[in-house]
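As a plain string of letters, each chain reads:
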Amino acid sequence: MTAQVIETHPIEGQQPGTSGLRKKTRVFMQTHFLENYVQSIFDGIGGVSGKQLVIGGDGRFFNDTAIKIILRMAAANSAKACIVGQNGILSTPAASHLIRTRKTDGGLILSASHNPGGEDEDFGLKYNGPNGGPANETTTDKIFARTKSLTNYRIWDGGDVDLATLGTTHIGEMAVEVIDPITDYADLMEELFDFDAIRALFASGFTLRFDAMHAVTGPYACEVLQNRLGAPVGSVVNEIPLPDFGGGHPDPNPIWAKDLMDCMYGANAPDFGAASDGDGDRNMIVGKSCYVSPSDSLAVLADLAHLAPAYSTGLAGVARSMPTSAAADRVAAAKGIPSFETPTGWKFFGNLLDAGKVTLCGEESAGTGSNHVREKDGLWAVLLWLNILAAKRMSVAELLADHWQRYGRNYYSRHDYEAVDSEAAHGLVNDLRAALADLPGQTFGSLTIERADEFAYNDPVDGSHSAAQGLRVFFEGGARVVFRLSGTGTQGATLRVYLEQLETDPSKLDKDPQDALADIIAAADALAGIRAKTGRNAPDVIT
Ligand code: G1P
Ligand code: ZN
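Starting from 1, residues in each chain are numbered consecutively following that chain's sequence as written. Whichever chain is written first becomes A and whichever ligand is written first becomes 1, with later ones labelled in order. Where totals are concerned, whole chains, interfaces and linings use all residues; where local detail is concerned, this predicted model gives features only for residues with pLDDT of at least 70, and gives and counts side-chain atom pairs only at 80 or more. Hydrogens are left out, water is left out, and the side-chain values use all remaining heavy atoms of the structure.

S.K.: Which residues make up the packing of aromatic side chains, and what values do they have?
M.R.: Pairs were defined over the aromatic rings of Phe, Tyr and Trp, the Trp ring being its six-membered one, requiring ring centres within 6.5 Å. Orientation was assigned from the angle between planes: stacked under 30 degrees, edge-to-face over 60, tilted for the rest. With the rule as written, the count across this model stands at nine aromatic pairs. Centroid distance Y185 to Y220: 5.5 Å. Interplanar angle 90 degrees. Geometry classified as edge-to-face. On the criterion of sequence distance, the pair formed by Y185 in helix α6 (residues 183–192) and Y220 in helix α8 (residues 217–228) is long-range, its members being 35 residues apart. A single burial state applies to Y185 and to Y220, both of which are buried. Plain terms: the ring middles of F206 and F272 are 6.4 Å apart, the flat faces sit at 35 degrees to each other, and that makes the pair tilted. In this text, helices come from DSSP runs of H or I with a minimum length of four residues, and strands from runs of E with a minimum of two, each type numbered from the N-terminal end. The classification of residues rests on relative accessible area computed with a 1.4 Å probe and restricted to protein chains. Under 20% of the type maximum is buried, over 50% is exposed, and intermediate values are partly exposed.

Dropping the structure here:
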């Protein structure tokens, strides 16, 4: 058995998006498609000769087949070793942790995150660097450039590895170490949080329902919440990971985690509900009849993280993606620590975390994390909430109400128009971009536009510039609407409309966000022509 050089030709459409390359699974399964992209990653990062990589994914359809191909290609490209989760499984935060603790040269993570899985659904692949975080744009640009010039790839002839058996085997000279995917991650969580306090909370009768949505977090949540923290068996539901996530959409939000929402808003609801997504990096937090928006969650965690041992000395700073509400900024201001506003996608937090400028980061899309890894981390967010609740002994609703009383409430919602005709969606954005300069002073109902721009980011650590990161319209009085196109969709275009309004009047903090934002929703449609240009009467998903 030897390394083979296989001739190929560039394949169009291999441009990494917000989080690596996402395509329909059948596209990834086309001849040479996966192999071309993997070789382009290897070449784009300067080759993998002598390097050590972590490889794992969320267990969706094609995960194990793809991992075996990647291993054969790594061997043929003279990699020194690959560390692989048993059965090809690693949650995204667990992979990030392994890349860091084992001091590797990075890793390949196979996931399409919250997108459905299966032969007719979605698949994805991304490269994370030695810091454990998603590759920055300079690197993803190199990878994309390579996809356009590739003429061959290298793959080992033979070398089928048994991913089920723990231990080290070899493909040619390259070592393949199959490891238990759970223990290291669970140990890290035990270091960060006050497990005794959380154990005491459960022992006092506090009840929890964690919905793993048949995705990768199930085994991690069972180990941490049930085995180590003493939550009764059965607290973690839908805990068996399935290649198609049981036919569900593993996205932890009120729409796709409806069973959990119904339970939490029903009679005899548990004290605390939570869910995670396909690859375990997103989280949803919900108390008894009390959904916590991700933007609010970030603000509450920024305010109270010091109650957990890992953050007891306070936070260096807080970062949020631009479309995320400004709730966390006001906490940072009150604490006298810096806050940063980055483009969408976790890759922009890496530099800030590496440079020690921030400790906590978050996105409105149910992503929260800290400097413990370089990815967002679903179970970590759940544990920080539990640690805070164990220290405060308040309900989720009480904690949130208290937060709003002290800081005001950023009413917030995101409206998604999915699988819109790509030309129509781009047309809408282009028209709005062209109109930005004329918007200030225009009125829509009771709202007057103060300023409008296209968000661009100058990375304060490496000076890199990222343009065209979303169109922002600010109204007098503090309301804001942001328009951007998704960089993770696999069908047509997804238009995301982010709506926000700050309310500081203590008597007006209990409204339904859709009611509180009604005027801004109407203004967003009027100024961008959403209905007229997309042909849609209403968003597909409201979070
Ligand atoms: C979406 C979210 C973004 C998140 C990304 C990966 O990207 O909006 O916050 O980082 O998924 O989980 P989008 O589809 O908007 O480009
Ligand atoms: Zn995810």
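Text resumes after the structure shown.
S.K.: Outline the site of ligand 1, supporting the account with residue identities and numerical values.
M.R.: Around ligand 1, a shell composed of 15 residues is seen, among which T18, S365, G487, T488 and R496 lie nearest. Throughout this description, a polar contact denotes any pair of N or O atoms lying within 3.5 Å of each other; where both atoms belong to protein, one of them has to be capable of donating a hydrogen while the other can accept it, and for residues adjacent in sequence the pair is counted only when both atoms sit in side chains. At 2.6 Å from an oxygen atom of ligand 1 is found a side-chain nitrogen or oxygen belonging to S365. At 2.6 Å from an oxygen atom of ligand 1 is found a side-chain nitrogen or oxygen belonging to S486. Using a 1.4 Å probe, accessible areas were evaluated by the Shrake-Rupley method; residue-level cover was limited to the displayed protein chains. For ligand 1, whose free accessible area comes to 380 Å², the fraction covered by protein is 99%. Asp, Glu, Lys and Arg are counted as charged, while Ala, Val, Leu, Ile, Met, Phe, Trp, Tyr, Cys and Pro are counted as nonpolar; the rest, among them Gly, fall into the polar class. A per-class count over the shell around ligand 1 returns no nonpolar, eight polar and seven charged. Summary of the distance rule: residues count as near a molecule or strand when at least one heavy atom falls within 4 Å of that molecule or strand.

S.K.: Could you give me a rundown of the sheet that holds strand β5 (residues 107–110), with the residues and numbers involved?
M.R.: In this scheme, strands are said to pair when DSSP sees at least two bridges between them. A sheet is described by the order of its strands in space; here seven strands give the open sequence β2-β6-β5-β3-β4-β9-β8, paired in mixed fashion. The strands lining the two open edges of the sheet, one partner per strand, are β2 (21–24) and β8 (167–171). Each neighbouring strand pair of the sheet contributes to a mean axis angle of 20 degrees, computed without reference to strand direction. Working rule for contacts: check all heavy atoms of both residues, and any pair within 4.5 Å makes them a contact. Interaxial angles span 0 to 180 degrees and are taken between N-to-C directions of axes, which are lines fitted to C-alpha atoms, for helices over the stretch in contact. Along the sheet, helix α3 (residues 63–76) contacts β3 (52–57), β4 (81–89), β5, β6 (122–128), β8 and β9 (174–179); its crossing angle with β4, the most-contacted strand, is approximately 170 degrees.

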